[in-house]
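One-letter residues, chain by chain:
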Amino acid sequence: MKIQKLIGATIFSYVLLSANLVFGQMEKTKMVGGAEMYPSKNIVENAVNSADHTTLVAAVKAAGLVETLQSKGPFTVFAPENSAFEKLPNGTVETLLKPENKGQLTAVLTYHVVAGKMGSKEIAAAIKEGKGKAVLTTVQGGKLTAWMKGKDLYITDENGGQSKVTIADVWQSNGVIHSIDTVVLPKM
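Note that the structure is predicted; figures quoted are calculated from it, not measured.

(A) Layout of the overall build of the protein chain. When you go through the protein chain residue by residue, the secondary structure sums to eight helices and nine strands. Counting the 188 residues in the protein chain, one finds 40% classified as buried. Nonlocal contacts in the protein chain, meaning residues at least 24 apart in sequence, comprise 60% of its contacts between residues at least 6 apart. Working note: accessible area of the protein chain is about 10,700 Å², and carbon and sulfur atoms make up 58% of it.

(B) View of the packing of aromatic side chains. This structure, assessed with the given rule, holds one aromatic pair. A ring pair is formed by Trp147 and Tyr154, whose centres lie 4.7 Å apart and whose planes are at 15°; its orientation type is stacked. Each of the two residues, Trp147 as well as Tyr154, counts as buried.

(C) A look at the sheet that holds strand E9 (residues 175-180). In space, the seven strands of this open sheet follow the order E4-E3-E9-E8-E7-E6-E5, with mixed pairing throughout. Looking along the sheet, the strands with just one partner apiece sit at the ends: strand E4 (113-115) and strand E5 (134-137). Neighbouring strand axes in the sheet, compared pairwise and without regard to direction, differ in orientation by 30° on average. Across three bridges, strand E7 (residues 152-156) lies against strand E8 (residues 162-172) in antiparallel orientation. Opposite Ile155, over in E8, you have Ser163 as the bridge partner. On the sheet, helix H8 (residues 120-129) packs against strand E3 (75-80), E5, strand E6 (143-149), E7, E8 and E9 and is oriented at approximately 90° with respect to E6.

(D) Fine view of the packing of helix H3 (residues 54-63) against helix H7 (residues 102-110). Running from amino to carboxyl end, H3 crosses H7 at an angle of 130°, the nearest separation of the two axes being 9 Å. As far as their axial angle goes, H7 and H3 are oblique. Crossing angle aside, the handedness with which H3 passes H7 is left-handed. Side by side, H3 and H7 meet where Leu56, Ala59, Val60, Ala62 and Ala63 of the first sit next to Lys102, Leu105, Thr106 and Leu109 of the second. Grouping the amino acids of the contact of H3 with H7 by side-chain chemistry returns seven nonpolar, one polar and one charged.

Scoring rules and cut-offs
- Residues numbered from 1 in each chain as written.
- Predicted model: local features only at pLDDT ≥ 70, side-chain atom pairs only at ≥ 80, totals over all residues.
- Heavy atoms only, no water.
- Helix = DSSP H or I, 4+ residues; strand = E, 2+ residues; numbered from the N terminus.
- Buried < 20%, exposed > 50% of the residue type's maximum accessible area, 1.4 Å probe, protein only.
- Contact = heavy atoms within 4.5 Å.
- Areas by Shrake-Rupley, 256 points an atom, 1.4 Å probe, with all protein chains shown as cover.
- Phe/Tyr/Trp six-rings, centres within 6.5 Å; stacked < 30°, edge-to-face > 60°.
- Pairing = 2+ DSSP bridges.
- Axes fitted to C-alpha atoms, helices over the stretch in contact; angles between N-to-C directions.
- Parallel < 35°, antiparallel > 145°, perpendicular 65-115°, else oblique.
- Left-handed = near helix turned anticlockwise from the far one by under 90°.
- Nonpolar A, V, L, I, M, F, W, Y, C, P; charged D, E, K, R; others polar.

Any link to function would need more than the numbers given here.
So this is what it looks like as structure tokens:
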């Protein structure tokens, strides 16, 4: 009797899982900064839960970009981890967060955003099509160059600064996030 119940429960679970996969109801989550990232939530709703992106979230709030990143999008965000901000010269983050520097902060943050939803497969295809490099236009108006080193995805900013994608393809309801290890900076 116990085996029949177990088999019945297993079959029922399999049927539910299959139905969820067929109808797209199963969420594929990733862990980022100790928190699950849900594809049904928007960029801001997920980012606020990541312990690795607290500096980025504070900067997005200070720049007044919360509503934008909660909108329909879609957006591809190269999201600097806290350790990326720590690589900047001392005092840089504090200076950017001052109200009088909101324009400069907004420029830096929107330089990390590309319009549209580009997963790592789409970026890799663009790199292949571009014979080793793909130039991406940011929401700020500047350019990022994507390239591969082995299986690792990198982006280079307009100043020659390089950043490695540490976690790719964190899907959101309004786009995709790729965590990066270095803040990229536009020409100012």
